[in-house]
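Secondary and tertiary structure notes
The residues making up each chain are set out below.
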Amino acid sequence: MLDKLDLNTKAQELREALGEDANSPVDIFSLVNQIEGLTLVFYPLGENISGMCIRDNEIRLIAINSTTSYGRQRYSLAHELYHLYYDDKSGFNVCSAKFDPKSENEKCADQFASYFLAPYKSLRSAIRKSAGNCQLSMQHIIALEQYYGMSHMAMLWRLVSEGYLSSEELYSCSCGVISAARKLGYDDKLYRPTPVDLQRRTYGHYLKQVEELRQKELVSSGKIDELLLDAFREDIAFGLDENGLGGAAID
Ligand SMILES: [Zn+2]
């Protein structure tokens, strides 16, 4: 049995530990950069896997399936944060891309992810503000998922679980979201996967360690390149400039 109150509290605690308030939308990819010792890998993990988490005394690693939509990747990362911080079952999780059915532990991680991105009280007040007591329309649902940066299916499941939508409405609302969002004036980034040339990438602790080796001249430059290529970072190894702007800042 899911203890939703406890999972919402855990999500709030982690938001606060990472410097966020209790209600606002979060830039989850920036947030996890602050987590000491964590390596984040984006990789095409196949259609059945949304993400993975490995944690022990030596390694803290989260992998996210970069072929899923941006919104789903945000949700998957929040899901993996549950395993990283609160799951004491094992040091290794491979997580299914399906929302249902799942083990109790996976359901807890999903519920935590949903609360982490859209805290219970925050979502309730956003719904009251936009729809009042009216039935939620596709327009309301898209506005909510765009605001919280949550995948369409994750938002639909959340709204069903809180009684705002019926299961029948979930199925009728699950198609046509990209064109509906565009017509309503939203960017469709939330619903699209990472571009193919960026689907393999490593960020975080691993790269800091490689940079430390380089600065201390502990290994050869060839070995540094090899370590970077192992992490799909040929852009760093070969000094590639993706924008063709000569490395100039454009902000
Ligand atoms: Zn999981």
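Computed from a prediction, not measured in an experiment: that's the story for all the values here.

Describing the overall build of the chain
- When helices and strands are tallied, the chain shows 12 helices and five strands.
- A globule of 251 residues ought to have a C-alpha radius of gyration of about 18 Å, and the chain, at 20 Å, matches this closely.
- Counting every position in the chain, which comprises 251 residues, the buried fraction comes to 34%.
- Pairs at least 24 apart in sequence give 63% of the contacts found in the chain among residues at least 6 apart.

Regarding the environment of leucine 38
- For leucine 38, the location among the structural elements is in strand E1 (residues 38-43).
- Taking the number of C-beta atoms within 10 Å as the measure of exposure, leucine 38 has 21 and is therefore buried.
- Leucine 38 sits 13 residues away from glycine 51 along the chain, and the two C-alpha atoms are 15 Å apart.
- Setting aside chain neighbours within four positions, we find leucine 38 in contact with Val32, Arg60, Ile62, Gly204 and His205.

Quick look at the packing of helix H1 (residues 4-17) against helix H4 (residues 104-117)
- At a minimum axis separation of 8 Å, H1 and H4 run at an interaxial angle of 50°. The angle between the axes of H1 and H4 places the two elements in the oblique class. Handedness of the crossing formed by H1 with H4: right-handed. Contact with H1, carried on its side by Lys4, Leu7, Asn8, Lys10, Ala11, Leu14 and Arg15, involves Cys108, Gln111, Phe112, Tyr115 and Phe116 of H4 and no other residues of that element.

Considering the packing of helix H3 (residues 70-86) against H4
- Where H3 contacts H4, the axes come no closer than 8 Å and their chain directions differ by 120°. When the axis of H3 is compared with that of H4, the two are oblique. Relative to H4, the crossing made by H3 is right-handed. Along its contact with H3, which presents Arg74, Tyr75, Ala78, His79, Leu81, Tyr82 and His83, the element H4 presents Cys108, Ala109, Asp110, Phe112, Ala113, Phe116 and Leu117.
- For the contact of H3 with H4, the residue count by class is 10 nonpolar, two polar and two charged.

Section: helix H5 (residues 120-131)
- Here H5 contains 12 residues, and its C-alpha end-to-end distance of 16 Å stays within 8% of the 16 Å for a straight helix at 1.5 Å per residue.
- Tyr120, Leu123 and Ile127 are the residues of H5 that are buried. Looking down the long axis of H5, one finds its buried residues gathered within 70° of arc, a one-sided arrangement. Across H5 from its buried face, at more than 90 degrees, point the exposed residues Lys121, Ser125, Arg128 and Lys129.
- On its buried face, H5 is in contact with H1 and H4.
- Residue glycine 132 follows H5 closely and has a positive phi angle near 60°.

Looking at the pairing of strand E2 (residues 49-55)
- With respect to burial, E2 is a largely interior element, six of its seven residues being buried.
- Of the strand pairs in this sheet, E2 and strand E3 (residues 60-65) are connected by five bridges, and their pairing is antiparallel. By the bridge assignment for E3, methionine 52 is matched with alanine 63.
- What sits between the antiparallel neighbours E2 and E3 is a turn of four residues.

Some remarks on unusual backbone geometry
- For glutamate 217, which is not glycine, the phi dihedral falls at a positive 55°.
- The topology assignment puts glutamate 217 in the loop between helix H10 (205-215) and helix H11 (221-230).
- Its 9 C-beta neighbours within 10 Å are what place glutamate 217 among the exposed residues.
- Positive phi values are uncommon outside glycine, yet phenylalanine 232 reaches one of about 60°.
- Tracing the backbone shows phenylalanine 232 in the loop between H11 and helix H12 (234-237).
- Given 16 C-beta atoms within 10 Å, phenylalanine 232 falls into the partly exposed group.

What counts and what doesn't
Residues numbered from 1 in each chain as written. Predicted model: local features only at pLDDT ≥ 70, side-chain atom pairs only at ≥ 80, totals over all residues. Helix = DSSP H or I, 4+ residues; strand = E, 2+ residues; numbered from the N terminus. Rg over C-alpha atoms; globule rule 2.2 N^0.38 Å. Buried ≥ 20, exposed ≤ 12 C-beta atoms within 10 Å, placed from the backbone. Contact = placed C-beta atoms within 7 Å. Axes fitted to C-alpha atoms, helices over the stretch in contact; angles between N-to-C directions. Parallel < 35°, antiparallel > 145°, perpendicular 65-115°, else oblique. Left-handed = near helix turned anticlockwise from the far one by under 90°. Nonpolar A, V, L, I, M, F, W, Y, C, P; charged D, E, K, R; others polar. Expected span 1.5 Å × (residues − 1). Arc of directions from axis to C-beta. Pairing = 2+ DSSP bridges.

Don't take any of this as a statement about function, it's just geometry.
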